[in-house]
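Structural overview for review
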Amino acid sequence: MLSSRPYAMLATVSVAVSFFAFAPPARADYTFYRTEPHTGACWNKVNAYGGVYQVTNNLLNGTAYTHTATVQNYRPGVGLQSSQSYTAWPGEWKVGELAHVAIVPGDEFRYYLNGTLVAGIPAHGIPFYMQHCKVTTSPSVKIRTALSYGLAALDSVYTGACAGQYRFGAAPTTGIWHYGSSCNSGQGNYYQPAGVRGFDCSGLVYKMFEYAGVPFGWTSSSAMKTGIPQVSKSNIQVGDLLVKYGHVAVYLGDGDGDGIPSVLEATPEWTNPDGSKTGVIISNATSYLQDSAYTAHRVPGI
């Protein structure tokens, strides 16, 4: 459903849509930053020689207030190359003008929400998960809402399955260790810095669907495998779960059209300087789809 509220763009015409009746693009969804309302960007490398990214940006406003986004391309030693602003009313998704960010000149993509910088990313440092829009859109509002929570948790640390409340996204006031061997011999020990959110695989999935308002009574991968209705992998959809005993990942589809589908998961991917493990990542789904230990499941009520 198109919004009746017009808004100005710098050089192109964009579309304002209702959050609850959003008709998504045909190919890909957006990667969300960690804000409420959600801010997002979709990166596409359009010039391999020199490295130029086209960045589509947006503001998904699920709040009761009006918010304004300002998107800039800054070039060190030169200054602003472009700047645009747009406002989203309550319940609207606004899409901004393309920003062109070049690697060779050292451009930086900047996103401000209500005047506060929420993302300042140099073109040479764009994280892997933000490139080429890995997420295929879903017609389900609840799935889109669940995915927005999960994508906003990207780069959170991994806590392991023995972390109690901290495996569901709680942030400790002081740094703590979670000793996995205390409850599961197959678990390692994981450090969680003060003020940093953490998840294990099932804790992330639980919070995603809780955030979307979906009744979700399963708090472990084993419970999800036995309790959530199974579907054929040949009929898997965005938002379905790929589960084995001991791990669960959320299917994202093939958002960039490269023939390689993706999953969102919490797993100890790499070690940070403070000893914590970056855990919430986007991964290649191929091995999960091919592994018979993993079965596909569709959450009821979506």
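Data block above holds the structure.
All of the points below concern the structure found in this document. (Residues numbered from 1 in each chain as written. Predicted model: local features only at pLDDT ≥ 70, side-chain atom pairs only at ≥ 80, totals over all residues. Heavy atoms only, no water.)

Remarks on the state of the cysteines
By the definition in use, this model includes 1 disulfide. Here C162 is linked by a disulfide to C183, with a sulfur-sulfur distance of 1.8 Å. Across the S-S bond linking C162 and C183, the dihedral sits near -80°, which makes this disulfide left-handed. Residue C162 is found in the loop between β11 (157–158) and β12 (176–179), and its partner C183 is found in the loop between β12 and β13 (189–192); the two are separated by 21 residues along the sequence. (Disulfide = S-S within 2.5 Å. Helix = DSSP H or I, 4+ residues; strand = E, 2+ residues; numbered from the N terminus.)

Some thoughts on the nonpolar core
Counting residues in hydrophobic clusters, the biggest one holds 33 residues, and the most contacted among them are M208, F209, F216, M224, L241 and L264. Within the residue set of this core, elements represented by two or more residues are α1 (141–152), α2 (201–211), β16 (241–244), β17 (247–253), β18 (262–271) and β19 (277–284). In contact with F216, not counting residues within four places along its chain, are V205, Y206, F209, M224, I228, L241 and V299. (Core = buried A, V, L, I, M, F, W, Y, C linked by side-chain atoms within 4.5 Å. Buried < 20%, exposed > 50% of the residue type's maximum accessible area, 1.4 Å probe, protein only. Contact = heavy atoms within 4.5 Å.)

Topic: the packing of α1 against α2
At a closest axis distance of 7 Å, the pairing of α1 and α2 adopts a crossing angle of 135°. Taken as axis vectors, α1 and α2 run oblique relative to one another. Considering the relative orientation of α1 and α2, their crossing is right-handed. Facing α1, whose interface residues are I143, T145, A146, L147, S148, Y149 and G150, α2 presents L204, K207, M208, F209 and Y211. (Axes fitted to C-alpha atoms, helices over the stretch in contact; angles between N-to-C directions. Parallel < 35°, antiparallel > 145°, perpendicular 65-115°, else oblique. Left-handed = near helix turned anticlockwise from the far one by under 90°.)

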